[in-house]
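Chain residues, written in single-letter form:
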Amino acid sequence: MAQNDFVDEFFAEAREQLLTAEEDVLALEQSGEHPDAETVNRLFRALHSIKGGAACVDLNGIKELAHAMENVVGLVREGSAAPTRAVTQLLLDGLDRLKTCIASADERLLTDTGTVIEGLTGVVNEIRTQGNAPKPEKDGTAEHYFDLKRCDLSVVRAQSLHLYEFALDIVLECKKSNCTPAELYQKICSVGTIIADYNEPVKDPARTMPCFFLLATVIDDPEILFPGLEVIPVSFYRYTPEEIPSANGGDRVARAETGAAEIKKPLPENKTTAVKSTSGKNRPAPKLLTDDDSRPAASVAVPVDEQAVRIPVELLDKLMNLVGELVVVRNRNTQLIIAGNTQELSVVNQRLNTVTMEIQMTVMRTRMRPVGNVFSRFTRVVRDLSRTLGKEIELDISGGDVELDKSIVDNIAEPLTHLVRNAADHGLEAAEDRLLAGKPAVGHISLSARHQAGMVNIRIDDDGKGIDPHLLRSAAIEKGLCTLSAATAMTDREAFELILLPGFSTASEVTDLSGRGVGMDVVKTSFQKFGGIIEIQSAAGAGTTISINLPLTLAIIPALILTVEGQCFAIPQVNVNEVVWLHGDEVYQSIHEIDDKEVYWLRGKMLPLMRLSKVLEIRPTYRDPETNERKMDRRKQAPDRRQKQGNVNHDKRKGPRDRRTSILNSLYIIVLQVGSDQFGLCVETIVDTEEIVVKPLHEHLEKCRVYAGITVLGDGSTALIIDVPELARTGGVRCDTTDTKTVKSRSSDDDRQKMLVFSAGGKERFALPLSLLLRVDEVSVNELQTSGGREYLRFGNSVVPLVRLEKVINNISICGDSPYLFTIIPRIGKPIGVAAAEIIDIVDTENSIEPGPVGQNIIIGTQLVDGHLTGILDLCALVDAVEPGWYSSEDRNKIKQRRVVLVEDSSFFSALLGSYLRGIGVLVTVAVNGREALEIVEHTPVDGVISDLEMPVMDGFELARHLRSSENHRSLPLMGISAMDETVARPRALDAGFDAFCSKGNLPRIISCFETILTKAKMR
Amino acid sequence: MARKKNMSSRQIVTFLLDDVVYGFDIRIIKEITPSVPITPVPLIRHEISGIVTIRGLVVLVMDIAVILGGNKQSIRSMAQIMIVKTTRELGTVTDFRPSFDAEVLGDKPVGFLFDAVGDILSVETSAIEGTPSHLKEHNRHYMEGVINLKSQPVILLNAGKLISIDTTVS
């Protein structure tokens, strides 16, 4: 049984050893004549341990291969051999074989080592016969100077040491090393025990003095022993274990070594007396590799799922500390409970929250792996590629220490390899073509990773021939992937994305197009599995950049928790657009039936509905009013509640207590999005949004594709995670699951802001832009805390100040004594709460607003919403009113007295942003379209421009292009803003010449971003 | 670790489900839980009663009565579960009868419903008789044999076959 453990340990250790081996060999290859000593040593040590370990666990195949490799590396280490391409190729071949076998922990996978070993020993022989290396002679029939039977070999037996007999010319050696014989003797003693020594009498001891030693040492390899002692023995002999006489003739020293691959006489094989039996039978038979040579040159070893991982010690230390704190909190908790002190419990609970959160984050970090793990293999890939393609390619790797979840890192190797191959094969031109084009002959591919906007961005750049969008368009039309009009309408960027369509990959026009398109759709789906998004940018003749955005982790996702008939389910937040709450009679009146299916009108658009309980075939239940238990609804016919007068009168009481229209009725419609289609899911209650840990499904559960995973909720109950596209399919809603991007029309629709309308308790109505809000909560007045005359409210783990409108705006009626308040938490830099008495609605604003009352900066303007006069609030002014200096005062100092042109056709937004800019000391001139802006820029000195992208007459893109092409304004700081989807807008903006892009939703970010580009401009 | 080639007796844990007494070889049982809340899984085949979370571990719960008798699923909100070891946990036990491949147990734990747990019996292998031939072939597949007890026959079940119902059900 124990054998298995040793073998497993060997493989685990060997894997570790091999981690850097390939890199080291490649580094050696690069360094040519002068290999880096550290690298060589590391490689040597790695091979040496693998050899030793393999011998211990009886894996002779591995041992032989490692040994042969070790010999060659040893020669390099001594300086007798240079790491030529031939040598390194052999080493790499050997490494490949070792890796395959070690990765799968099965020696049977080690095949075709014969040729490699031959090659390696050939190299060794060659070097040796050149006469440079010290040749420890081995003579099997040499006289032995020592009679072993008379020597005390107990220490040899006891510690399983190796026994050498060797002769040194003391005079020569001492002269060489400039030491005394005594020092030499000491040196020898330091590596082992001298069992016997003997001086041969000579004629002239001053010139030469041969001395014979019988040495017992742990060093098994004479090639380490003698160079280590810095001596060249005249002769030496290593005793085999059999030759060592045993004490009673009984025990044998079971040793695992064969001798070094010496030249003259091959050593007898030392067969180990195998004490342990071979590996266990519980492993299933692995598939043997059929033909080694069938592997393509640039193959990437597929990693077996590691059963053990490496974690930085500091992370473990941190965990230990946190757990210690957890224990302290737990103890305090127990004390308080025993004492019945519930007051302090809330304090302890806070602490518990914090500690738990930190533990969670730290443990999550243990799953993070540096991307470098994947990147490092590409050096080899590119090297092999450049050989096979005959092109000179240089690979730059950066950002290797950016970390991603293990499950993602493990799986992006393949698609990335595909992309790198494409770049090398189809992107980079042949050397002659490059020279003709005026480029350096060596092609460059750069692979980089970095953090960006909460995601990890991986980029593959090449300076090859790029992609011609015209060719792409025509090819797409030919293949029937899009119509002529669509193709001409699409921008270059959209054209690049044609490559990612499935139809494209069947192209065999490697010469016509730049050749990419083979399997790109597969790459796209591979990344999509992890929530990754691909973007392609290219300039014909200059090169191509492929950029992938990946989320940091898969294992934890934000989800919406809901219940249906008492059962909890979770829906990933990424699919959820919004939640509509129907109550009272709306539940039955607003849902209409068409052809047996239910629909709901959502802001003028028809939303197909499905009821989760129906889709999942969950039987309706009801709560037994006496026992409060859930019981099956045994009614044969669900009452028809659509008509005002029900035909089956279950309810004896008529009048206001009609259950059909009771105010207690409530229903939630979760608006879900799959691809470009939406549908609504009806559920009874929404519990919360939570960040949940996704646990994989059992095999049996996988069959039911509606579920994407399982999660354990905060209260310990289990909830199933719904797979939304599958749900749509099951519910009969037809959804387009392909991610086609529709060409956006140039309307200023995007500028219509959604506003949240609410009241502060009186008749006045107010509104805030929905995009600036984070959440709306109902809180009890008791939950508010007061300090220094200000009210605060708990938000997550911190407190935020609460603004009551009546305190900052004059002459409005107040909230009254309602025990409950709605608080609206805006999405600005630091959160604050805004008190509201009643949330009225969400509406789309018109673009026209009337300016607000004079001298009042909190209300930007007013608008008629639903027939009521509604005051639109300036969030920033609101915050400033209650907490002056809530935003750092740094902002104010940096952009003081700059002149900025704000180009924006929505008067509402320009008022909003304009007021904010003015509030921090910037002089703002407003233009309603690009043309006006150009005129202003021509005639007045301006420090920077912030421009909307979509405007009539001249849009932001054109404005940027104009400015960039004119001499005077080429380097004017330009910033683009838009309410468009960021992933679409940003690249287009940057393309057109903007320095930066920000989404309209985040005002402070717009400011800080703009400030950055202004400072940059100043420094130029 | 000594290996018993021919064990003369085995430990069988017995339990009651729907008025029938069954048994499992105790070496494959990891844990027997008290009554725990069970979360049903809608739309799943009836042999699966739902899932249960024990100390953060998610266990799939199967209903033997449904597998054997094709009964309707009994809806429970709480249940007692007998949890079977995973392949890994079973790992070192090599000499095993029934000789199903331990791989089948998989890496995610599975448990079986029961109503009440009985004694752990020490049973001589000779006392385990073959399954009666007049039983349904479908059911015999899951049974290893019948233990001949004076008071009541105990049906010895093959957990591996129960867990992998997919491959055996026609």
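Just so it is clear, the structure is predicted and the values come from calculations on it, not from any experiment.

What counts, and where the lines are drawn
- Residues numbered from 1 in each chain as written.
- Chains lettered and ligands numbered in written order.
- Predicted model: local features only at pLDDT ≥ 70, side-chain atom pairs only at ≥ 80, totals over all residues.
- Heavy atoms only, no water.
- Helix = DSSP H or I, 4+ residues; strand = E, 2+ residues; numbered from the N terminus.
- Buried < 20%, exposed > 50% of the residue type's maximum accessible area, 1.4 Å probe, protein only.
- Contact = heavy atoms within 4.5 Å.
- Areas by Shrake-Rupley, 256 points an atom, 1.4 Å probe, with all protein chains shown as cover.
- Pairing = 2+ DSSP bridges.
- Buried area = accessible area lost by both parts, 1.4 Å probe.
- Salt bridge = Lys/Arg side-chain N within 4 Å of Asp/Glu carboxyl O.
- Polar contact = N/O pair within 3.5 Å; in protein donor to acceptor, adjacent residues only side chain to side chain.
- pLDDT = per-residue confidence, 0-100.
- Phe/Tyr/Trp six-rings, centres within 6.5 Å; stacked < 30°, edge-to-face > 60°.
- Lys NZ or Arg CZ within 6 Å of the ring centre and 35° of its normal.
- Patch = residues over 30% accessible without salt bridge, like charges linked within 9 Å, V, L, I, M, F, W, Y side chains within 5 Å.
- Axes fitted to C-alpha atoms, helices over the stretch in contact; angles between N-to-C directions.
- Parallel < 35°, antiparallel > 145°, perpendicular 65-115°, else oblique.
- Left-handed = near helix turned anticlockwise from the far one by under 90°.
- Nonpolar A, V, L, I, M, F, W, Y, C, P; charged D, E, K, R; others polar.

Peer 1: Any details on the overall build of chain A? Residues and values, ideally.
Peer 2: For chain A, the helix and strand inventory stands at 33 helices and 41 strands. Expressed as a percentage of its 1020 residues, the buried residues of chain A come to 45%. Taking as baseline every contact in chain A between residues at least 6 positions apart, the subset at least 24 positions apart corresponds to 66%. A total of about 52,200 Å² of accessible surface is found on chain A, and carbon and sulfur atoms cover 51% of it.

Peer 1: Can you explain the overall build of chain B? Please cite residues and give values.
Peer 2: Along its length, chain B carries five helices and twelve strands. Going through the 170 residues of chain B one by one, you find that 46% of them count as buried. When contacts within chain B are restricted to residue pairs at least 6 apart in sequence, long-range pairs at least 24 apart make up 65% of them. For chain B, the accessible surface area stands at approximately 8,500 Å², while carbon and sulfur atoms represent 52% of it.

Peer 1: Describe in detail the sheet that holds strand β11 (residues 143-147) of chain B, supporting the description with residues and values.
Peer 2: Residue and element names in this part refer to chain B. Reading across the sheet, the six strands line up as β9-β1-β2-β12-β11-β10 and stay open at both edges, with mixed pairing between neighbours. Looking at which strands have only one partner, the edges of the open sheet turn out to be β9 (116-124) and β10 (128-129). Where strand β1 (residues 9-17) meets β9, seven bridges bridge the pair, whose relative direction is antiparallel. Within β9, the residue paired with F15 across the bridge is V117.

Peer 1: Account for the interface of chain B and chain A, naming residues and giving values.
Peer 2: Between chain B and chain A, the contact holds 26 residues from the first and 25 residues from the second. For chain B, the biggest contributors to the area lost against chain A are P42, L43 and K108 of chain B; these three give 26% of the whole. Inspection of the region where chain B meets chain A yields zero salt bridges. The tally of links from chain B across to chain A stands at five residue pairs in polar contact (both at pLDDT 80 or more).

Peer 1: So, the confidence of the model for chain A: which residues are in play, and what are the values?
Peer 2: All names here are of chain A. Summarising the model, chain A shows a mean pLDDT of 75, and 77% of its residues fall at 70 or more. Here residues 132-142 scores under 50 on pLDDT; set against residues more than four positions off or in separate chains, the count is 21 contacts. Considering only residues more than four positions removed or in separate chains, one finds that residues 506-518, a stretch of pLDDT under 50, has 27 contacts.

Peer 1: Any chance you could break down helix α25 (residues 724-731) of chain A for me, citing the residues and the numbers?
Peer 2: Residue and element names in this part refer to chain A. Here α25 has its buried residues at V724, E726, L727 and A728. On its buried side, α25 packs onto β13 (567-572), β17 (605-611), α23 (612-615), β20 (666-674), β21 (677-683) and β24 (718-722). A distance of 3.2 Å separates the backbone nitrogen of E726 from a side-chain oxygen at the start of α25, and that oxygen is part of D723. Just past α25, the residue G732 takes up positive phi, approximately 90°.

Peer 1: So what's going on with the packing of aromatic side chains? Residues and values would help.
Peer 2: Residue and element names in this part refer to chain A. With the rule as written, the count across this model stands at twelve aromatic pairs over all chains. When the ring of F166 is compared with that of F226, the centres are 5.2 Å apart and the planes differ by 75°; the resulting orientation is edge-to-face. Taken together, the residues span a long stretch of sequence, with F166 in strand β1 (residues 162-169) and F226 in helix α10 (residues 222-229) at a distance of 60 residues. For the pair F166 and F226, a shared accessibility class is recorded, and that class is buried. Feature note: the residues Y164, F166, Y185, F213 and F226 constitute an aromatic cluster, connected by ring pairs. Between R77 and the ring centre of F44, over which it is positioned, the NZ or CZ distance is 4.2 Å.

Peer 1: Which residues make up the environment of S80 of chain A, and what values go with them?
Peer 2: Residue and element names in this part refer to chain A. For S80, the position within the fold is in the loop between α4 (60-78) and α5 (85-103). A residue is classified by how much of its surface remains accessible, and S80, at 18% relative accessible area, is buried. The spacing of S80 and V124 is 44 residues in sequence and 9.7 Å in space, taken between C-alpha atoms.

Peer 1: I'd like a rundown of the pattern of salt bridges, residues and numbers included.
Peer 2: Residues and elements named next belong to chain A. In this structure the tally under the stated criterion is 31 salt bridges over all chains. One salt bridge in this structure joins R380 and D384, with 3.2 Å as the shortest N-O distance. Here R380 and its partner D384 are both found in helix α14 (residues 377-389), four residues apart, which amounts to about one turn of the helix. Under the relative-accessibility criterion, D384 is labelled buried at 5%. What emerges from the salt-bridge pattern is a single network uniting E22, E29, R85, D96, K99, R380, R383 and D384.

Peer 1: I'd like a description of the pairing of β13 of chain A, backed by residues and values.
Peer 2: Residue and element names in this part refer to chain A. Within β13, six of the six residues are buried, which leaves the element mostly enclosed by the surrounding structure. Residues Q567, F569 and I571 line one face of β13 and the alternating positions C568, A570 and P572 line the opposite face, and both faces are buried. Where strand β12 (residues 556-564) meets β13, six bridges bridge the pair, whose relative direction is antiparallel. In the strand pairing of β13, L560 is matched with I571. Connecting the antiparallel pair β12 and β13 is a turn made up of two residues, with E565 showing a positive phi of about 50°.

Peer 1: I'd love a proper account of a nonpolar patch on the surface, names of residues and values included.
Peer 2: Residues and elements named next belong to chain A. A contiguous nonpolar surface patch, about 310 Å² in accessible area, is contributed by I594, W601 and M606. With respect to the helices and strands, I594 occurs in strand β15 (residues 591-594). In this structure I594 comes out as partly exposed when scored by relative accessible area, which is 44%.

Peer 1: Just give me the short version of the sheet that holds β13 of chain A, but keep the residues and values in it.
Peer 2: Residues and elements named next belong to chain A. Spatially, five strands are ordered β22-β12-β13-β24-β23 in an open sheet, and the strand pairing comes out mixed. At either end of the open sheet lies a strand with only one pairing partner, and these are β22 (685-693) and β23 (707-712). When strand polarity is set aside, the average angle formed by the axes of neighbouring strands in this sheet is 35°. Sheet analysis places β13 next to β24, joined by two bridges and oriented parallel. Residue pairing in the sheet places A570 in a bridge with I721 of β24.

Peer 1: I'd love a proper account of the environment of V879 of chain A, names of residues and values included.
Peer 2: Residues and elements named next belong to chain A. By the secondary structure assignment, V879 is in helix α27 (residues 875-882). Looking at V879, the relative accessible area reads 0%, which means it is buried. Each C-alpha atom, one on V879 and one on V808, is 9.9 Å from the other, the two residues being 71 residues apart in sequence.

Peer 1: Go over the environment of S398 of chain A, please, and point to the residues and values.
Peer 2: Residue and element names in this part refer to chain A. Tracing the chain through its elements places S398 in strand β6 (residues 393-398). Taking the C-alpha atoms as reference points, S398 and R459, separated by 61 residues in sequence, lie 9.9 Å from one another. Once residues lying within four places of it in the same chain are set aside, the contact partners of S398 are F375, L447, S448 and A449.

Peer 1: Outline the side chain of S547 of chain A, supporting the account with residue identities and numerical values.
Peer 2: Residues and elements named next belong to chain A. Structurally, the position occupied by S547 is in strand β11 (residues 543-551). Within the structure, S547 has its side chain in polar contact with the side chain of N457 (distance 3.1 Å). When neighbours within four sequence positions are excluded, S547 is seen to be in contact with N457, I458, R459, I533, I534 and E535.

Peer 1: Give a description of the packing of α5 of chain A against α14 of chain A that names residues and reports values.
Peer 2: Residue and element names in this part refer to chain A. Their axes nearest at 14 Å, the elements α5 and α14 cross at an angle of 125°. One finds that α5 runs oblique with respect to α14. Remark: the crossing between α5 and α14 carries left-handed chirality. Of the residues in α14, those in contact with R85, Q89, L92 and D96 of α5 are R380, R383 and R387. Along the lines of polarity and charge, the residues of the contact of α5 with α14 split into one nonpolar, one polar and five charged.

Peer 1: For the confidence of the model for chain B, give the residues involved together with the corresponding values.
Peer 2: All names here are of chain B. Across chain B, the average pLDDT comes to 81, with 83% of residues at or above 70. Ranking the helices and strands of chain B by mean pLDDT puts strand β8 (residues 110-114) first, with 92, and helix α5 (residues 165-168) last, with 59. Confidence estimates for the predicted assembly give a pTM of 0.47 and an ipTM of 0.85.

Peer 1: I'd love a proper account of helix α2 (residues 21-31) of chain A, names of residues and values included.
Peer 2: Residues of α2 of chain A that are buried include every one of A21, E22, D24, V25, L26, L28 and E29 of chain A, and no others. Positive backbone phi, approximately 65°, marks G32 of chain A, located one or two places after α2 of chain A.

Peer 1: Go over unusual backbone geometry with me, naming the residues and quoting the values.
Peer 2: Residue and element names in this part refer to chain A. In this structure, D58 is a non-glycine residue whose phi angle is positive, near 70°. Along the chain, D58 turns up in the loop between α3 (37-56) and α4. In this structure, V953 takes a positive phi of about 70° despite not being glycine. Among the secondary structure elements, V953 is positioned in the loop between β39 (944-948) and α31 (956-965). Given a relative accessible area of 58%, V953 falls into the exposed group.

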